[in-house]
Amino acid sequence: KAKGYCSEATINNPKACTDAGKEWKERAAHDEPPPECIGGIASRDNHNGNVRNGSPVYYVWKIPDFIKGRAVLRLRYNITTGDLNPTGLLNQDPAEAG
């Protein structure tokens, strides 16, 4: 799928671009297959470790054959802080904190 962009770099959608009197353009897709998108195994919040049968969660990444030269891999990890009680930490006696 082609990627759209505005001749004004601060604008990121076609309507705003044309409303501002700028030109919305498209560049060809990179001619590569889409990334694999799979669901993960259910695990408890903030548990980056073992799941089924005590086995760690993992994914085998294969660098595509069409990658030549330098490349950047951006990793992102989202955490949930629902199991943290911040007021419990704030009310703790410093002498007990160790």
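Our structure is the block above this text.
In this text the structure is predicted, and so the values were computed from the model without any measurement.

Trainee: So what exactly am I meant to see when it comes to the pattern of salt bridges here?
Mentor: Close approach of charged atoms allows side chains with opposite charge to pair. Inspection of every chain in the model, using the stated rule, returns two salt bridges. A salt bridge links Lys 15 to Asp 19, with the nearest nitrogen and oxygen atoms 2.8 Å apart. Of this pair, Lys 15 and Asp 19 both sit in helix α1 (residues 14-19), four residues apart, roughly one helical turn. Side by side, Lys 15 and Asp 19 carry an identical accessibility label, which is exposed. Residue Asp 65 pairs with Lys 62 through a salt bridge whose shortest N-O separation is 3.5 Å. The exposure class assigned to Asp 65 is exposed, which follows from its relative accessible area of 62%.

Trainee: Would you mind going over a nonpolar patch on the surface with me for this structure?
Mentor: A cluster of nonpolar residues, Ile 38, Tyr 59, Trp 61, Leu 73 and Leu 75, forms a patch on the protein surface that exposes about 600 Å² of accessible area. When you line up the elements, Tyr 59 lands in the loop between β2 (24-27) and α2 (86-90). A relative accessible area of 39% means that Tyr 59 is categorised as partly exposed.

Trainee: Hey, could you run me through the state of the cysteines in this one?
Mentor: Throughout this description, disulfide means a covalent bond between two cysteine sulfur atoms. This structure, assessed with the given rule, holds one disulfide. Between the sulfur atoms of Cys 6 and its disulfide mate Cys 17 the distance is 2.1 Å. For the disulfide bridge between Cys 6 and Cys 17, the dihedral angle about the S-S bond is near 80°, and by the sign convention the bridge is right-handed. With a gap of eleven residues between them, Cys 6 in strand β1 (residues 3-6) and Cys 17 in helix α1 connect regions that are remote in the sequence. Residue class for Cys 17 comes out buried when judged on its relative accessible area of 0%.

So, how was this worked out
Residues numbered from 1 in each chain as written. Predicted model: local features only at pLDDT ≥ 70, side-chain atom pairs only at ≥ 80, totals over all residues. Heavy atoms only, no water. Salt bridge = Lys/Arg side-chain N within 4 Å of Asp/Glu carboxyl O. Helix = DSSP H or I, 4+ residues; strand = E, 2+ residues; numbered from the N terminus. Buried < 20%, exposed > 50% of the residue type's maximum accessible area, 1.4 Å probe, protein only. Patch = residues over 30% accessible without salt bridge, like charges linked within 9 Å, V, L, I, M, F, W, Y side chains within 5 Å. Areas by Shrake-Rupley, 256 points an atom, 1.4 Å probe, with all protein chains shown as cover. Disulfide = S-S within 2.5 Å.

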